[in-house]
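# Reading the structure
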Amino acid sequence: MNFFEHQDQARQNTQKLIGLYVLSIGVMIGAIYLATLFFLRMAPRVWWHGQLFLSVVCVTTIAIALASLYKILCLREGGRVIAQELGGRLLISDIANEQERQLLNIVEEMAIASGISVPAVYLLDAEKSINAFAAGFTANDAVIGVTHGTLQFLNREELQGVIGHEFSHILNGDMRLNLRLIGLLHGILFIYFTGRLLWEFRSNSREDKGLPLWGFGLALILIGSVGFFCGTLIKAAISRQREFLADASAVQFTRNPDGITGVLEKLQRMDSRLIAPRAEAASHMFFGNALNPSFWDEMLATHPPLAERIRRVRGVKVRNSGSMPTHYQRQSHTQESLVMGLAGGTTANITAEQVVNQIGTVAPEHFAHAQALLSELPESLRLGVREQQSAMAIVLALALENENPAIRERQLTWLQQVQPVDIVEKILAFNSEVSLLHAKLRLPLLDLTIPALRQGSATDCQRLCKYIHGLAIVNRNLSLWYFVLQLVLWHRLQPCIHPTASISVEFNSIEQIWPDSINVLSALARVGHPQAEAAAYAFRCGVFRLPGAGQKEISDTLAPSDFAVVKNSLERLRLASPKIKQAVVDACAHTVLVDNKVTPQEADLLRAIAMTLDCPIPPFLNAQRSNFVKKKP
């Protein structure tokens, strides 16, 4: 099952969730109706009263809907709301201690290896148990929360296993479903909380006017308990199987089953429960069981038994040379071909299908690449990405022209007009380091700056995007790199610029976004093939991978070269269903690979397109590791 199939499965689980949610509401409406009959002393004489039943349906449905809507609106800003409700503290790189720095390094390594934006990391200081969670609507706005006990009791390998597990939830689309689950179940629990309020209020009247108010509150508590039971069943039904998948993914990401096995074995001896009052609502999001065990634990537990998780992890076959079974050797050879192919050279053994299958995954080669990148990054850049002002200067340094002195001079003149002298000097200092980096490291370096940039306000983020656009205008001819830089930066900063913006599927047919697909494929064909005939051929090869292309008359004329149009098309394509996105990315890969060569420019644009569509694509690697930093002259 690839990334897009996981996304579709997550959508199907959402439909399953809504079905179970409606069924739970129906059960609760029936129970409230019966309680109301007894409260009004109509039962057992009258069991059916149409007007009363309609009133109960309306009041209950509206109450549950409003409670759910309130919670959903509270969660619009994504995973950071959950982290803060649980008592999380945002970890900031430049003031982190040694243990916190190790955690941030692991998260950065995993983010670079998978091709997603580096998630914000929250530490739950008050929680002494071992646990963690991932929350957010997309991989672009994800956050990771870790308890203090996790840092205290786990070694680096075990911490890698936990983070790999949480990254699986990020990449497989589990987070959005988990947040929806919290919002919807809040409405059901509202009945229970209302009953508790009435019970505690009690009635001061001593007259026998029927069932006292506190008695009705007790009935609502019992009815709410039915909703609580149904909600817990829903969480268990949706969460359990995905925990097994996340465990297995963590092993494959790190090629180290001992890491996550060690964590699970420690959980058998230690505690994973949380003391935060709101842990119940988010219990299904955690690495381990966050609640006290109950009588119905086997039926209602949101996590599989630890012994079963350990048994399955130990049964996961890890790709490791020498002792691997034959089919794993073949998989490893295929991966090696992919690693070799997307390096800017010949790609005789690589297919577009393999590129698509790489999306949303982390191979051990990518993880090792990320570790090596971070270890060899110049100290000035490594420290610079941690602080907001320095991170902004690094991004501007990435936008400076290094090949054309005339353009560079115009850019510096413009920068001196919009930036203080000390900032311009800092940009130039960082640019001297950036110019020595391999071109394929520009996007990973950009991603490393995102956590620090997001610490600023929405205005700060918008201003930085305008500065990048200003440098591009000074260039007078928008180059591909400037377009990629603007595209990725704008996309990565969206959670800061528009924190409440939501992404939903609006297009389920390729017909609805056909012109947009044509614009994107035309841009890719032009970038990789300067000759008109070769570009037209690559374009047609890509277009015929789109569904229904055989029934259309495909023109040899490419869409006009306009990056602004391409950006608008990508914004629309982002609203397509996972299956449509898969077809578009597949067509893009065929356009690039038609000549069995991938230029660095094609690699940058293909990755930027996939990132913008929320399809995380790992970095393109060489078969043999090259130096990340050139020698200074």
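Data block above holds the structure.
Now for a description of the structure that goes with this document. One numbering rule holds for all chains: residues counted from 1, following each sequence as written. The predicted nature of this model means local features are confined to residues of pLDDT at least 70 and side-chain atom pairs, given and counted, to a pLDDT of 80 or more, with totals for whole chains, interfaces and linings taken over all residues. Heavy atoms from the whole structure form the basis of all side-chain values; hydrogens and water molecules are not counted.

### Considerations on the packing of helix 4 (residues 98-114) against helix 14 (residues 364-376)
Each pair of packed helices can be described by the angle between their axes along with the distance between the axes. Interaxial angle, 0 to 180 degrees, is taken between N-to-C directions of lines fitted to C-alpha atoms, where a helix line uses only the stretch in contact. Going along the chain from the N terminus, every DSSP run of H or I of four or more residues is numbered as a helix, and every run of E of two or more is numbered as a strand. Where helix 4 meets helix 14, the closest approach of the two axes is 8 Å, and the angle between their N-to-C directions is 125°. With respect to helix 14, the element helix 4 is oriented oblique. As for the relative orientation of helix 4 and helix 14, their crossing is right-handed in sense. From helix 4, Asn105, Glu108, Glu109, Met110, Ile112 and Ala113 reach across to helix 14, where they touch His366, Phe367, Ala370, Gln371, Leu373 and Leu374. Looking at the contact of helix 4 with helix 14 residue by residue, the classes come out as 7 nonpolar, 3 polar and 2 charged. Comment on the angle field: the value is read as roughly parallel under 35 degrees, roughly antiparallel over 145, roughly perpendicular from 65 to 115, and oblique elsewhere. Put simply, a crossing is left-handed when the front helix is turned counterclockwise from the back one by less than a right angle, and right-handed when it is turned clockwise. Contacts are assigned to residue pairs that have any heavy atoms within 4.5 Å of one another. Throughout this entry, Asp, Glu, Lys and Arg are counted as charged residues, while Ala, Val, Leu, Ile, Met, Phe, Trp, Tyr, Cys and Pro are counted as nonpolar. The remaining residues, Gly among them, count as polar.

### A closer look at the sheet that holds strand 2 (residues 120-124)
Strand pairs in the sheet, formed through backbone hydrogen bonds, run parallel or antiparallel to each other. Pairs of strands are assigned from DSSP output, requiring at least two bridges between the strands. Strand order in the open sheet made by the 4 strands is 1-2-4-3, with mixed pairing throughout. Two strands in the sheet have a free side with no partner beyond their single neighbour: strand 1 (88-90) and strand 3 (132-135). Strand-to-strand, the axes of this sheet are offset by a mean angle of 25°, without reference to chain direction. When strand 1 meets strand 2, the two strands line up antiparallel, connected through 3 bridges. When the bridges of strand 2 are listed, Arg89 appears paired with Leu123. Contacts between helix 4 and the sheet are confined to strand 1, strand 2 and strand 4 (143-147), with strand 2 contributing the most and set at about 145° to the helix.

### Quick notes on the packing of aromatic side chains
Stacked, tilted and edge-to-face are the three classes applied to pairs of Phe, Tyr and Trp rings, where Trp contributes its six-membered ring and a pair requires centres within 6.5 Å; stacked means planes under 30 degrees apart, edge-to-face means over 60, and tilted covers the rest. Counting across every chain of the model gives 7 aromatic pairs. For the ring pair Phe38 and Trp47, a centre distance of 5.9 Å and an interplane angle of 75° mean the geometry is edge-to-face. Partly exposed describes any residue whose relative accessible area lies between the buried limit of under 20% and the exposed limit of over 50%, with all areas from a 1.4 Å probe on protein chains only and scaled to the type maximum. Its relative accessible area of 46% is what places Trp47 among the partly exposed residues. Ring geometry for Phe483 against Phe563: centres 4.4 Å apart, planes inclined by 15°, an arrangement best described as stacked. Taken together, the residues span a long stretch of sequence, with Phe483 in helix 21 (residues 480-492) and Phe563 in helix 25 (residues 563-573) at a distance of 80 residues.

### A look at the environment of Glu243
Mapped onto the fold, Glu243 is located in helix 8 (residues 213-254). Overall, Glu243 belongs to the buried group, its relative accessible area being 2%. Separated by 60 residues in sequence, Glu243 and His303 place their C-alpha atoms 6.8 Å apart. For Glu243, the residues in contact, after removing those within four places along its chain, are His165, His169, His284, Phe286, Phe287, Thr302, His303, Pro304 and Arg309. Counting of polar contacts relies on pairs of N or O atoms within 3.5 Å, with two restrictions inside protein: one atom must be capable of donating a hydrogen and the other of accepting it, and residues adjacent in sequence are counted only when both atoms are side-chain atoms. Looking at Glu243, its side chain comes within polar contact range of the side chain of His165, at 2.9 Å.

### With respect to the pairing of strand 2
Of all 5 residues in strand 2, 4 are buried; the element is thus mostly enclosed. Pairing geometry for strand 2 and strand 4, over 5 bridges, is parallel. Looking across to strand 4, one finds that Leu123 is bridged to Val146.

### So, the nonpolar core
Grouped together as the largest cluster of nonpolar side chains are 142 residues, with contacts concentrated most on Leu103, Ile163, Phe167, Ile170, Leu445, Leu453 and Leu489. For Ile163, the residues in contact, after removing those within four places along its chain, are Leu103, Ile106, Val107, Met110, Ile144 and Val146. We call a set of buried Ala, Val, Leu, Ile, Met, Phe, Trp, Tyr and Cys residues a nonpolar core when their side-chain atoms join them within 4.5 Å. Judged by nonpolar contacts, the second largest core, of 26 residues, contains Ile25, Leu52, Val56 and Leu220.

### So, the packing of helix 23 (residues 514-528) against helix 25
Contact pair helix 23 / helix 25: the axes reach a minimum separation of 9 Å and the direction vectors enclose 130°. In this view, helix 23 runs oblique relative to helix 25, as classed from their interaxial angle. Seen from above, helix 23 lies across helix 25 with left-handed handedness. Across from Asp516, Ser517, Asn519, Val520 and Ala523 in helix 23, the residues of helix 25 making contact are Val565, Val566, Ser569, Leu570, Arg572 and Leu573. Its residues assigned to classes, the contact of helix 23 with helix 25 comprises 6 nonpolar, 3 polar and 2 charged.

### Some points on the pattern of salt bridges
Salt bridge, as used here: a side-chain nitrogen of Lys or Arg that lies within 4 Å of a carboxyl oxygen of Asp or Glu. Scanning the model with the defined rule gives 24 salt bridges in all. A salt bridge links Glu85 to Arg278, with the shortest nitrogen-to-oxygen separation between them at 3.1 Å. Taken together, the positions of Glu85 in helix 3 (residues 79-85) and Arg278 in the loop between helix 9 (257-269) and helix 10 (297-300) put the pair 193 residues apart, joining distant regions of the chain. On the basis of relative accessibility, which here comes to 25%, the residue Glu85 falls in the partly exposed class. Arg312 serves as the salt-bridge partner of Glu308, at 2.9 Å between the closest nitrogen and oxygen. With a gap of 4 residues between them, Glu308 and Arg312 both fall in helix 11 (residues 306-314), about one helical turn apart. In this structure Glu308 comes out as partly exposed when scored by relative accessible area, which is 22%. For Arg312, a relative accessible area of 36% translates into the label partly exposed. The network of salt bridges with common partners includes Lys71, Glu85 and Arg278.

### What to know about helix 19 (residues 442-453)
Take the residue count of a helix, subtract one, and multiply by 1.5 Å to get its expected span. Its 12 residues place the ends of helix 19 16 Å apart at the C-alpha level, agreeing with the 16 Å of an ideal helix rising 1.5 Å per residue. Judged by how many residues are buried, helix 19 sits mostly within the fold: 10 of 12 residues are covered. Among all positions of helix 19, only Leu443, Pro444, Leu445, Leu446, Asp447, Leu448, Thr449, Ile450, Ala452 and Leu453 are buried.

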